[in-house]
Amino acid sequence: MSMLLLPPSSSRSMAPPPALRSPRAPISPRTESPRRHAIARCDTSRTTPRISETEPTLAQPSAPVQGATAPLVQALKSTAAQDVSCFHFPGHNQGKAAPSSMLDLIGAGAFSHDLPELPELDDLFYPNGVILDAQNQAAQLFGSSKTWFLVNGSTCGIQAAVMATCCPGDYIVVPRNCHISVISALVLSGAVPKYIVPEYNSAWDIAGGITPSQVDKALKELEKDDKKVGAVLVTSPTYHGICSDVQCIVDVCHPLHIPVIVDEAHGAHFRFHHSFPSTAIEQGADLAVQSTHKVLNSLTQSSMLHMAGGLVDADKVSQCLQLLQSSSPSYLLLSSLDAARAQLSENAKSFDEPVAMALETRDQLMVIPGLSVLDLSCFASDFPAIDPLRVTLSASDLHLSGYEADDILEEHQIVCELVGTQAVTFAVNLGTRRQDVQKLVQCAKHLSDKYISANESRFSKHNYVCSPLDKFFVKLPPREAFFTKKRRVCMEDSLGEICGELICPYPPGIPVLIPGEVVTQDSLSYLINVRDQGMTISGAADGELNSIMVCNL
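If you're wondering where the values come from, they're calculated on a predicted model, not measured in any experiment.

### Quick notes on the side chain of Q159
- With respect to the helices and strands, Q159 occurs in helix α6 (residues 153-165).
- Taking the relative accessible area as the measure of exposure, Q159 reaches 11% and is therefore buried.
- The contact partners of Q159, leaving out residues within four places of it in the chain, are S181, S184, A185, L188 and L324.

Written out as structure tokens, the structure is:
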């Protein structure tokens with residue numbers, strides 16, 4: 001088989017570029033970041049320009065493909081175009097044996113480019129060619145010292161970050177509203193959680209971020225008990241776009257040589273517009289996991305893991321990723337990450353229009369009678385920012401639940417990103433069209449007009465829900481509870497038992513019960529409430545929640 005010509009071995013084995021601190025602000029020492037309490041209307045000045053304000057400067061590729069702005073994309077294109085007889089996997093043989101139904105669905109091009117790890121396409125786990133080049137260019141654009149491409153989603157990035165920083169028995173400080181991937185990371189690593197309960201707004205049924213003082217308190221309590229801390233993990237932004245003050249949390253942790261991991265799955269776009277909050281890496285985080293496929297435009301399941309600083313061993317991260325990721329990575333996913341990076345680097349004003357539309361939409365929704373829009377004033381804590389592209393709408397003043405409002409909007413072909421008991425969330429992105437947001441506003445007005453007049457005949461009391469996060473009691477570490485013997489009991493008999501499974505309304509993917517926690521009346525009431533309103537329950541053996549698996553101790 002003919003191959004692309006590779007550069008000499010000395011070129012191919014170049015190490016990733018050093019931490020990129022210029023022209024961006026230095027991560028350490030830090031200056032106080034501006035506090036932003038309004039959505040993109042307050043001062044967003046920084047000590048250095050955002051990507052959208054400057055022409056991006058790309059790293060020198062380690063294995064250049066001539067004329068390619070996206071080296072991995074170009075290599076995949078060149079390889080697929082070769083006129084060769086293939087005696088390798090996958091079995092559809094570049095589409096020659098592809099199922100006709102799939103050919104009709106996605107076309108022959110997807111199959112012809114669905115290739116394995118051929119020599120000219122590099123090796124994800126030992127990259128020294130086009131993958132290394134693509135990852136280095138991503139590192140420069142996203143401001144990290146090293147970037148890994150992920151084909152198993154942000155889940156494997158979270159798992160690798162925890163496993164690379166925590167040994168079995170180490171404690172890790174995590175918010176109780178963490179994603180289920182964090183819990184799976186605890187099971188895999190054997191780390192023991194020290195939970196922080198975020199502020200919770202019952203009128204919205206939405207949890208916020210965590211504060212530096214909460215992290216400081218948790219670390220002091222662990223120090224008092226002589227517990228070894230492997231890392232602190234922060235979810236910022238949350239699914240609803242609420243950001244924690246990562247920089248001040250870093251300032252608490254780094255003097256103790258404790259690395260900070262940020263689940264930044266919903267913030268991959270933050271570096272690309274001055275109206276967005278600061279990125280986790282800009283604020284000094286050691287590891288940040290981003291879902292490039294969410295607001296950015298790579299294929300679903302493709303993500304990136306970024307690293308900065310020297311507290312975390314990069315080789316350990318690579319080893320963990322090799323353990324967790326598929327040994328047959330999809331080059332369609334990998335090349336989509338490279339393509340997304342190239343597109344962002346070529347257009348510094350990509351987010352100007354989406355931001356303008358999101359802010360305009362927010363303003364228009366806020367003045368519609370009976371509707372409310374989530375903002376930082378909904379929380380007492382001093383959270384520094386909220387993602388302007390995330391618009392969360394409540395119709396509770398119209399006495400509509402989030403599910404009811406979503407059903408009505410869906411009848412008008414409006415599909416939201418996230419529906420909850422009290423609100424629906426819309427994600428504006430690079431593909432959002434002006435007619436889309438105009439249609440959303442018009443449908444919201446229709447919703448208001450229809451139900452304002454019906455208020456007197458509807459139940460007029462707000463349906464405040466109890467927090468699923470306030471009262472929890474941990475009896476076993478997640479790993480121990482996961483591997484212990486279980487028995488199935490009916491819902492009514494589970495009260496007071498130790499939960500043996502992860503029970504999680506999805507989306508947003510925040511666990512209500514975690515293996516090792518005591519089943520409480522509050523958790524059961526919340527789960528029954530969301531189940532009866534139609535939310536999908538993930539993780540439980542019985543998705544209808546007629547029964548629960550409990551630890552057989």
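### A word on the nonpolar core
- One finds L365, L371, F426, L447 and I503 to be the most contacted residues of the largest nonpolar core, which totals 43 residues.
- Contributions of two or more residues to this core are made by β13 (390-394), α13 (402-411), β15 (423-427), α14 (434-452), α16 (521-532) and β19 (547-551).
- In terms of residue count, the dominant contributor to this core is α14 (6 residues).
- Each of domain 2 (351-453) and domain 3 (473-551) contributes no fewer than three residues to this core.
- Look past the residues within four positions of L371 in its chain and what remains in contact with it is L365, M366, L393, S394, A395, L398, A444 and L447.

### As for the sheet that holds strand β10 (residues 303-307)
- Reading across the sheet, the 7 strands line up as β1-β10-β9-β8-β6-β2-β3 and stay open at both edges, with mixed pairing between neighbours. In this open sheet, the two strands that pair with only one neighbour each are β1 (146-150) and β3 (192-196). Sheet twist, expressed as the mean angle between neighbouring strand axes with direction ignored, is 20 degrees.
- Contacting β1, β2 (171-175), β6 (229-235), β8 (260-263), β9 (287-290) and β10, α6 runs over the sheet at an angle of about 165 degrees to β9.
- Contacts between helix α7 (residues 180-189) and the sheet are confined to β2, β3 and β6, with β3 contributing the most and set at about 150 degrees to the helix.

### Description of the pairing of β3
- Of all 5 residues making up β3, 4 are buried, and the element is well covered by its neighbours.
- Crossover handedness for the path β2 to α7 to β3: right-handed.

### Details of the sheet that holds β13
- Across the sheet, 4 strands lie side by side as β11-β13-β15-β14; this open sheet has antiparallel pairing. Each having just a single partner strand, β11 (372-373) and β14 (418-419) make up the two edges of the open sheet.
- Across 2 bridges, the pairing between β14 and β15 is antiparallel. Looking at the pairing, V419 lines up with V424 of β15.

### A word on the pattern of salt bridges
- On inspection of all chains with the given rule, the structure shows 11 salt bridges.
- Across the pair E282 and R271 runs a salt bridge, and its minimum N-O distance is 3.4 Å. Of this pair, E282 sits in the loop between β8 and β9 while R271 sits in the loop between β8 and β9; the two residues are 11 residues apart in sequence, bridging distant segments of the chain. By the burial criterion, E282 is buried, and R271 matches it.
- Residue R531 is joined to D532 by a salt bridge in which the shortest nitrogen-to-oxygen separation is 3.1 Å.
- Taken together, the shared-partner salt bridges in this structure form one network comprising E353, E360 and R434.

### A word on the confidence of the model for the protein
- Put simply, the protein has an average pLDDT of 86, and 85% of its residues get 70 or more.
- Overall, residues 54-68 carries pLDDT values under 50, and its contacts beyond four positions in sequence, including any with other chains, amount to 32 contacts.

### A word on helix α10 (residues 314-324)
- The complete set of buried residues in α10 reads A314, V317, C320, L321 and L324. Projection of α10 onto a plane perpendicular to its axis shows the buried side chains occupying an angular sector of 120 degrees, all on one side. In α10, the exposed positions angled more than 90 degrees off the buried face are occupied by D315, Q319 and L323.
- Where α10 is buried, its residues contact β1, α6, α7, β9 and β10.

### So, unusual backbone geometry
- Cis peptide bonds are those with omega within 30 degrees of zero, and the linkage from F89 to P90 qualifies with 0 degrees.
- Note on placement: P90 falls in the loop between α2 (71-80) and α3 (100-106).
- Despite not being glycine, Q94 has its phi angle at roughly 55 degrees, a positive value.
- Relative to the helices and strands, Q94 resides in the loop between α2 and α3.

The rules behind the values
- Residues numbered from 1 in each chain as written.
- Predicted model: local features only at pLDDT ≥ 70, side-chain atom pairs only at ≥ 80, totals over all residues.
- Heavy atoms only, no water.
- Helix = DSSP H or I, 4+ residues; strand = E, 2+ residues; numbered from the N terminus.
- Buried < 20%, exposed > 50% of the residue type's maximum accessible area, 1.4 Å probe, protein only.
- Contact = heavy atoms within 4.5 Å.
- Core = buried A, V, L, I, M, F, W, Y, C linked by side-chain atoms within 4.5 Å.
- Domains from an automatic or database assignment.
- Pairing = 2+ DSSP bridges.
- Axes fitted to C-alpha atoms, helices over the stretch in contact; angles between N-to-C directions.
- Right-handed = clockwise from strand over helix to strand, strands pointing away.
- Salt bridge = Lys/Arg side-chain N within 4 Å of Asp/Glu carboxyl O.
- pLDDT = per-residue confidence, 0-100.
- Arc of directions from axis to C-beta.

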